[in-house]
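As a plain string of letters, each chain reads:
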Amino acid sequence: MVNNPTPYTISDLAKEFTISTRSIRFYEDQGLLHPKRVASKRLYSKHDKLRLKLVLRGKRLGFSLSEIKELFDLYDAKMNSSQEVVKLIDNIKLKKLSLLQQLEDIQVVLMELKSAERRCNDALKKLNN
């Protein structure tokens, strides 16, 4: 017998991730989450919980919801033909290139911020002496 984990309610997820239930419903409306409906209740699976965690991480990293959905679509893609797989590989390569460029840009900005912080600290030392 398979042990099915207890599903999560919208309140459970809202509390765990410290977001509003309205946000969770919005992500559902955008096709990012797919809870089961039992009467008027939404019941979220472990898969939905993981997706919500990934949505929130993607948002923190600056991804739009459409970009997050695109990543989910890549992950969920059916690989029924070699054409579909080749297209999927191409899309993955493009997304990787985009992320690598963002990473490089972030590293440059971090270096500039460190330099500016150093200059400010040096100026503060001179002003306090």
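Residues numbered from 1 in each chain as written. Predicted model: local features only at pLDDT ≥ 70, side-chain atom pairs only at ≥ 80, totals over all residues. Heavy atoms only, no water.

Participant: Would you mind going over the packing of helix H1 (residues 10-17) against helix H3 (residues 46-60) with me for this structure?
Facilitator: The description of two packed helices rests on the angle between their axes and on the distance between the axes. Between H1 and H3, the shortest axis-to-axis distance is 11 Å and the interhelical angle comes to 40 degrees. As H1 packs across H3, the resulting crossing turns out to be right-handed. Contact residues: H1 offers Leu-13, Glu-16 and Phe-17, while H3 offers Lys-49, Leu-52, Lys-53 and Leu-56. For the contact of H1 with H3, the residue count by class is 4 nonpolar, no polar and 3 charged. (Axes fitted to C-alpha atoms, helices over the stretch in contact; angles between N-to-C directions. Helix = DSSP H or I, 4+ residues; strand = E, 2+ residues; numbered from the N terminus. Left-handed = near helix turned anticlockwise from the far one by under 90°. Contact = heavy atoms within 4.5 Å. Nonpolar A, V, L, I, M, F, W, Y, C, P; charged D, E, K, R; others polar.)

Participant: Even after reading the chapter, I still don't get unusual backbone geometry, so can you show me in this structure?
Facilitator: With a phi angle near 45 degrees, Thr-18 is a residue other than glycine that sits in the positive phi range. With respect to the secondary-structure elements, Thr-18 resides in the loop between H1 and helix H2 (21-29). On the accessibility criterion, Thr-18 (71% relative accessible area) is exposed. If you check the backbone angles, Ala-39 has positive phi at about 55 degrees while not being a glycine. As for its placement among the helices and strands, Ala-39 is situated in the loop between strand E2 (36-38) and strand E3 (41-44). (Buried < 20%, exposed > 50% of the residue type's maximum accessible area, 1.4 Å probe, protein only.)

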